[in-house]
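Residue-level listing of the chains:
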Amino acid sequence: MRTFRAVLAAFVAALLVSSALATGASAGSLPKRIIDEVPPGDKQVSYNAFKLKGTVSEPQADGTLLPYAEQKVKILKKACGSCKWKTVKKVKTDERGVFKTRIYAPSKGRWKWRSKVDNSNGYGNTKGKVWTLYFR
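For every chain, the first residue of its written sequence is number 1, and the numbers climb from 1 along that sequence. In keeping with the predicted nature of the model, local features appear solely for residues at pLDDT of at least 70, side-chain atom pairs appear and are counted solely at 80 or more, and the whole-chain, interface and lining totals rest on all residues. Note: side-chain values were computed over all heavy atoms of the structure, leaving out hydrogens and water.

Colleague: Mind showing me how you'd approach the overall build of the protein here?
Modeller: Numbering goes from the N terminus for both helices and strands, where a helix is a DSSP run of H or I of at least four residues and a strand is a run of E of at least two. In terms of regular secondary structure, the protein is built from one helix and nine strands. Moving toward the C terminus, one meets the helices and strands of the protein in the order α-β-β-β-β-β-β-β-β-β. A buried classification covers 27% of the 136 residues belonging to the protein. It only takes one pair of heavy atoms within 4.5 Å for two residues to be counted as in contact. Restricting the contact set of the protein to residue pairs at least 6 apart, pairs at least 24 apart contribute 56%. Surface accessibility follows the Shrake-Rupley procedure with a 1.4 Å probe radius. Residue values consider only the protein chains on display as shielding. For the protein, the exposed surface amounts to about 9,300 Å²; the carbon and sulfur share of it is 56%. Categorising residues by exposure relies on relative accessible area from a 1.4 Å probe, with only protein chains included: less than 20% of the type maximum marks a residue as buried, more than 50% marks it as exposed, and the intermediate range marks it as partly exposed.

Colleague: Teacher, can you tell me more about the environment of Glu-58 here?
Modeller: Tracing the chain through its elements places Glu-58 in strand S2 (residues 49-59). Using a relative accessible area of 13% as the deciding quantity, one classes Glu-58 as buried. A sequence separation of 65 residues divides Glu-58 from Tyr-123, and the C-alpha atoms of the two residues are 8.4 Å apart. With near-sequence residues (within four places) excluded, Glu-58 lies in contact with Arg-33, Thr-64, Leu-65, Leu-66, Tyr-68 and Tyr-123. At a separation of 3.0 Å, a polar atom in the side chain of Glu-58 contacts the side chain of Arg-33. Under this definition, polar contacts are N or O atom pairs within 3.5 Å; protein pairs additionally need one hydrogen-donor-capable and one acceptor-capable atom, and for neighbouring residues in sequence, both atoms have to be side-chain atoms.

Colleague: Looking at this structure, how should I read the side chain of Arg-114?
Modeller: When you line up the elements, Arg-114 lands in strand S7 (residues 111-117). Positive charges come from Lys and Arg, negative ones from Asp and Glu, while His and the chain ends are left out of the count. Just to be clear on terms, a salt bridge is a Lys or Arg side-chain nitrogen sitting within 4 Å of an Asp or Glu carboxyl oxygen. Of the buried charged residues, Arg-114 lacks a salt bridge, with Glu-37 as the closest side chain of opposite charge at 7.9 Å. Within the local environment of Arg-114, its side chain forms a polar contact with the backbone oxygen of Gly-128, the two atoms lying 3.5 Å apart. Aside from chain neighbours lying at most four places away, what touches Arg-114 is Lys-74, Ile-75, Leu-76, Trp-85, Lys-127, Gly-128, Lys-129 and Val-130.

Colleague: Got a minute to help me understand the pairing of strand S4 (residues 72-78) in this structure?
Modeller: In regular strands, side chains alternate between the two faces of the sheet. Two strands qualify as a pair provided DSSP detects at least 2 bridges between them. Of the strand pairs in this sheet, S4 and strand S5 (residues 86-92) are connected by six bridges, and their pairing is antiparallel. Residue pairing for S5: Lys-77 is matched across the bridge by Lys-86.

Colleague: It is not clear to me how the nonpolar core should be interpreted in this structure. Could you clarify?
Modeller: The nonpolar side chains of soluble globular proteins are, as a tendency, buried together. Only buried residues count toward a nonpolar core, which is a set of Ala, Val, Leu, Ile, Met, Phe, Trp, Tyr and Cys residues joined through side-chain atoms within 4.5 Å. Of all hydrophobic cores here, the largest spans 15 residues; its most connected members are Val-56, Val-73, Ile-75, Phe-99 and Ile-103. When residues of this core are assigned to their parent elements, the largest contribution, three residues, is made by S2. Filtering out sequence-adjacent residues up to four positions away, Ile-103 remains in contact with Pro-40, Asn-48, Ala-49, Phe-50, Leu-52, Ile-75, Trp-113 and Leu-133.

Below you can see the structure in the form of structure tokens.
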């Protein structure tokens, strides 16, 4: 009988903990902005420089998209798969939510690039696609 009560108590405790975590995760999640980027591999502007162009917009409750106008977008880079992302640039969007910058490829190896918009105004952190640049 003791074993049955111990197993039942463990089951009930696990059920309560999992339901508390599930409701906490859904209540704390914020909507994300939308980052739409043009692949930089198609836009080589000099020997090792590529143009990264993207648009950031904020989805509204009625289904429309508003531009993320005159705000900062971080450009992050990392040199290896296990390395941490480092902020390299902060660029500003224009009135239409468009940002443009140059990103570079190393002479040896590969660099991964990504854009990021920090959380603000009820939106969560939003990360763009990861781009890998290298010379063949």
